[in-house]
Amino acid sequence: MESSLRKFDLCVIGGGSGGFGAALAAARSGLKVALIEKMNMLGGNAVHGGVNNWESGIGGTAFPYEIYKRLKQIPLAVGISKQSRHLCWDGPENQNFPGGELTLDPDRSYEDTLIRHGTKGIIKDAEKVKELWNSMTFEPDAMAKIQYDLLQESGNCECFFNTTYTGVKHDSGKVHSIYLESDLGEIELVANYFVDSSAGVHLCKDLGCEIMQGKEPYSAFEEQHAPKYAKSHSVNAVSLIYRVSQEGTLSKISGSPPDCWFASKWPIAVIFNYPNGDKNINMLPTMEGRELMRYLEDGTNGYKEAYEECKKRASAHWEYLRARYDEFRPFKISWIAPSLGVRETQRVVGDYILTEHDLLAGLSSQTHEDIIAIADHSMDSHGEDSRGAIELEAPYGIPYRCLIPKGFSNLLVACRGASFSHVAASSCRLSRTMMDLGHAAGLGIALAARDNSDVRDIDVTQLREKLTSQGATLNSEE
């Protein structure tokens, strides 16, 4: 059967935070945009992966703030959470808890979520952490609907749901079209520009872009927290998040806590409360990154097999919590995320690679003229060989060049697979930062499309001006 042919100004692959940001920015700039998403709704990890909590962090003042204001109009859809308990803090109420807890605080605002840097960490600086590390908790269905509504209101974006990217046509450093598979059959989308926001940068890999995976050795970038030798399978670990709802009665437990078969002991958890009283439970981690990579390399069913194993672990973890901690006995599992919470897979080598040197230098010492987003989250790794969370003293900037894959003139990357070292990616991978990268990618392509030019040839000063005029924060004093 022949594929149907459609033409657009821009095609965005992946409807996660970065893809959404790119599609919205470009559509509002007047481009005709196609957004391809393999799931049945937008949101990526923030929706399908159960990461229904935007952690504290600078930036997030443009599209994320717009989304927050929409969520506020929906009863029980959003709230601001504070750090309330942690097993490392003094007091029996903390130590008799399986990890850390976030609880809603009606006295805190969205603005209170916009800082992370400047602490010595959750153990050494508990009081400052309680003051600064506030986050935004939201209902995932409401988040997905608002993102879709915003795109539809632009009048220029068509979303292709339940649609899988399958291939690409390209030559001489230029992408011409992509192939998709959906319930309606095969579709070919022709466009002038493309954004790869897929979880595994699938378009870039098919194009033969240079790819990074795992921990680069110290010799690659001379990062102080890099290992001496490369560890290509040692990616940031994976979580399968689940949600529990209150039954109203103390349900029976099956017996003693189950044994943990995949680690020396049950991992700790981060638990936050939804506005309706449900709890979100994030086991840290559910699966080591190397395990996931081996599943993925085993064949076409690798991801499904990894998910099923993580589902068993999440269910057993919940049995352990109920048997060990009485406060969880009135609850039952009401939802398990349909997607693994994957923090890292492959990353594309771009015109500039963000490294630990940028993170430690901070905005005041970076000399890039093309910074299009800022972040201040810790260098945060999970699982084996974890360094823990290494806090930053100041925010840092992410250059536009990190979005440009080497060798291609009409392609940008706006997702956690952009041009970051492993160490840098452990910091800038969060949802609001990805949405900010997407915002910049969409505006950058709109500028390139105006002159039918290479994505490298845009006026980055004009791009920065457009971003700030639309609410983006590009320095720490704004």
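Please read all numbers here as calculations on a predicted model, not as lab measurements.

Basis of the calculations
- Residues numbered from 1 in each chain as written.
- Predicted model: local features only at pLDDT ≥ 70, side-chain atom pairs only at ≥ 80, totals over all residues.
- Heavy atoms only, no water.
- Helix = DSSP H or I, 4+ residues; strand = E, 2+ residues; numbered from the N terminus.
- Rg over C-alpha atoms; globule rule 2.2 N^0.38 Å.
- Buried < 20%, exposed > 50% of the residue type's maximum accessible area, 1.4 Å probe, protein only.
- Contact = heavy atoms within 4.5 Å.
- Areas by Shrake-Rupley, 256 points an atom, 1.4 Å probe, with all protein chains shown as cover.
- Lys, Arg positive; Asp, Glu negative; His and termini not counted.
- Charge placed at Lys NZ, Arg CZ, Asp CG, Glu CD.
- Arc of directions from axis to C-beta.
- Pairing = 2+ DSSP bridges.
- Axes fitted to C-alpha atoms, helices over the stretch in contact; angles between N-to-C directions.
- Left-handed = near helix turned anticlockwise from the far one by under 90°.
- Nonpolar A, V, L, I, M, F, W, Y, C, P; charged D, E, K, R; others polar.
- Phe/Tyr/Trp six-rings, centres within 6.5 Å; stacked < 30°, edge-to-face > 60°.
- Salt bridge = Lys/Arg side-chain N within 4 Å of Asp/Glu carboxyl O.
- Core = buried A, V, L, I, M, F, W, Y, C linked by side-chain atoms within 4.5 Å.
- Parallel < 35°, antiparallel > 145°, perpendicular 65-115°, else oblique.
- Expected span 1.5 Å × (residues − 1).

Student: Explain the overall build of the chain to me, using residue names and the numbers behind them.
Tutor: The helix and strand inventory of the chain stands at 13 helices and 23 strands. A compact globule built from 478 residues would reach a C-alpha radius of gyration of about 23 Å, and the chain, at 22 Å, matches this within 12%. Over its C-alpha atoms, taken along the principal directions, the chain stretches across nearly 65 × 55 × 50 Å. Looking at the chain residue by residue over its 478 residues, the buried ones come to 59%. For the chain, the share of sequence-separated contacts (at least 6 apart) that also reach a separation of at least 24 residues comes to 73%. Summed over all atoms, the accessible surface of the chain reaches about 19,400 Å², with 47% contributed by carbon and sulfur. Computed over 49 positive and 64 negative side-chain charges, the inter-centroid distance for the chain is 4 Å.

Student: I'd like a rundown of helix 2 (residues 63–71), residues and numbers included.
Tutor: Within helix 2 the residues assigned to the buried category are Phe63, Pro64, Ile67, Tyr68 and Leu71. The buried side chains of helix 2 occupy one side of the element, clustering within an arc of 140° when seen end-on. Looking at the buried side of helix 2, the elements it contacts are helix 1 (17–28), strand 3 (53–54), strand 4 (78–86), strand 6 (135–138), helix 5 (140–154) and helix 12 (431–451).

Student: Can you explain the sheet that holds strand 15 (residues 279–284)? Please cite residues and give values.
Tutor: Ordered in space as 3-6-4-5-14-15-13-16, the eight strands form an open sheet in which the pairing is mixed. A strand with exactly one partner marks an edge of an open sheet, and here the two such strands are strand 3 and strand 16 (331–336). Inspection of the sheet shows strand 13 (residues 242–246) paired to strand 15 by three bridges, in the antiparallel sense. The residue of strand 15 that forms the bridge with arginine 243 is asparagine 280.

Student: Can you explain the packing of helix 1 against helix 12? Please cite residues and give values.
Tutor: Interaxial distance between helix 1 and helix 12 falls to 6 Å at its minimum, and their mutual angle equals 35°. When the axes of helix 1 and helix 12 are compared, the crossing they make is right-handed. Between helix 1 and helix 12, the contacting residues are Ser17, Gly18, Phe20, Gly21, Ala22, Ala25 and Ala26 on the first element and Ser431, Met434, Met435, Gly438, His439, Ala441, Gly442 and Leu443 on the second. Across the contact of helix 1 with helix 12, the residue classes tally to eight nonpolar, seven polar and no charged.

Student: Now, about the packing of aromatic side chains: what can you tell me, with residues and values included?
Tutor: Applying the stated criterion across every chain, the model contains 17 aromatic pairs. On the numbers, 5.1 Å between centres and 35° between planes, the contact of tyrosine 65 with tyrosine 110 is tilted. One end of the pair, tyrosine 65, is in helix 2; the other, tyrosine 110, is in the loop between strand 5 (99–104) and helix 4 (126–132), with 45 residues separating them in the sequence. Its relative accessible area of 25% is what places tyrosine 65 among the partly exposed residues. An aromatic cluster of three or more residues is present, and its members are Phe97, Tyr242, Trp261, Phe262, Trp266, Trp318, Tyr320, Tyr325 and Phe328.

Student: Describe in detail the environment of isoleucine 74, supporting the description with residues and values.
Tutor: Tracing the chain through its elements places isoleucine 74 in the loop between helix 2 and strand 4. Between the C-alpha atoms of isoleucine 74 and alanine 220, which are 146 residues apart in sequence, the distance is 48 Å. With residues up to four places along the chain from it excluded, the contact list for isoleucine 74 reads Ala142 and Ile146.

Student: Can you tell me about the pattern of salt bridges, naming the residues and giving the values?
Tutor: Per the stated rule, a full pass over the model turns up 25 salt bridges. Arginine 347 is the salt-bridge partner of glutamate 344, the closest N and O atoms lying 3.3 Å from each other. Across this residue pair, the class does not change: glutamate 344 and arginine 347 are buried. Across the salt bridge formed by aspartate 454 and arginine 456, the nearest N and O atoms sit 3.6 Å from each other. Residue classification places aspartate 454 among the partly exposed residues on the basis of a relative accessible area of 22%. In this structure arginine 456 comes out as partly exposed when scored by relative accessible area, which is 29%.

Student: Please set out the nonpolar core residue by residue, giving values where relevant.
Tutor: Judged by nonpolar contacts, the single largest core of 101 residues is most densely connected at Leu71, Met136, Ile178, Leu189 and Phe420. For this core, the element with the most residues is helix 12, which contributes 10 residues. Each residue touching leucine 71, except ones within four places of it in the same chain, is listed here: Ala77, Val78, Met136, Phe138, Ala142, Met143 and Ile146.

Student: Outline the packing of helix 1 against helix 5, supporting the account with residue identities and numerical values.
Tutor: For any two helices packed against each other, the geometry is given by the interaxial angle and the distance between the axes. Direction vectors running N to C along helix 1 and helix 5 enclose 20°, while the axes themselves pass 9 Å from each other. Judged by the angle between their axes, helix 1 and helix 5 are roughly parallel. In this structure, helix 1 meets helix 5 at a crossing whose hand is left-handed. Of the residues in helix 5, those in contact with Phe20, Ala23, Leu24, Ala27 and Arg28 of helix 1 are Gln147, Leu150, Leu151 and Ser154. Here the residues of the contact of helix 1 with helix 5 are counted per class, giving six nonpolar, two polar and one charged.

Student: Which residues make up helix 12, and what are the values?
Tutor: The terminal C-alpha atoms of helix 12 lie 31 Å apart, and with 21 residues this matches the ideal 30 Å at 1.5 Å per residue to within 8%. Burial runs high along helix 12: 18 of the 21 residues are buried. A positive backbone phi angle near 55° is found at asparagine 452, which sits one or two residues after helix 12.

Student: Pulling in residues and values, what's your account of the environment of isoleucine 13?
Tutor: Position of isoleucine 13 among the secondary structure elements: in strand 1 (residues 4–13). The class for isoleucine 13 is buried, based on a relative accessible area of 5%. Considered as a pair, isoleucine 13 and isoleucine 178 are 165 residues apart in the sequence and their alpha carbons are 9.5 Å apart. Not counting residues within four places of it along the chain, the set of residues in contact with isoleucine 13 comprises Ile36, Tyr165, Ile178, Val195, Asp196, Ser197, Ser198 and Leu203.

Student: So what about the environment of aspartate 459? Which residues, and what values?
Tutor: Counting through the fold element by element, aspartate 459 comes out in the loop between helix 12 and helix 13 (460–469). The exposure class of aspartate 459 is partly exposed, given its relative accessible area of 42%. Expressed as a C-alpha distance, the spacing of aspartate 459 and leucine 240, which sit 219 residues apart in the sequence, is 42 Å.

Student: Please set out unusual backbone geometry residue by residue, giving values where relevant.
Tutor: Of all residues except glycine, most have a negative phi; of all peptide bonds, most are trans. With an omega of -10°, the peptide bond between leucine 284 and proline 285 qualifies as cis. Phi at asparagine 452 takes a positive value of approximately 55°, unusual for a residue other than glycine. With respect to the helices and strands, asparagine 452 occurs in the loop between helix 12 and helix 13.

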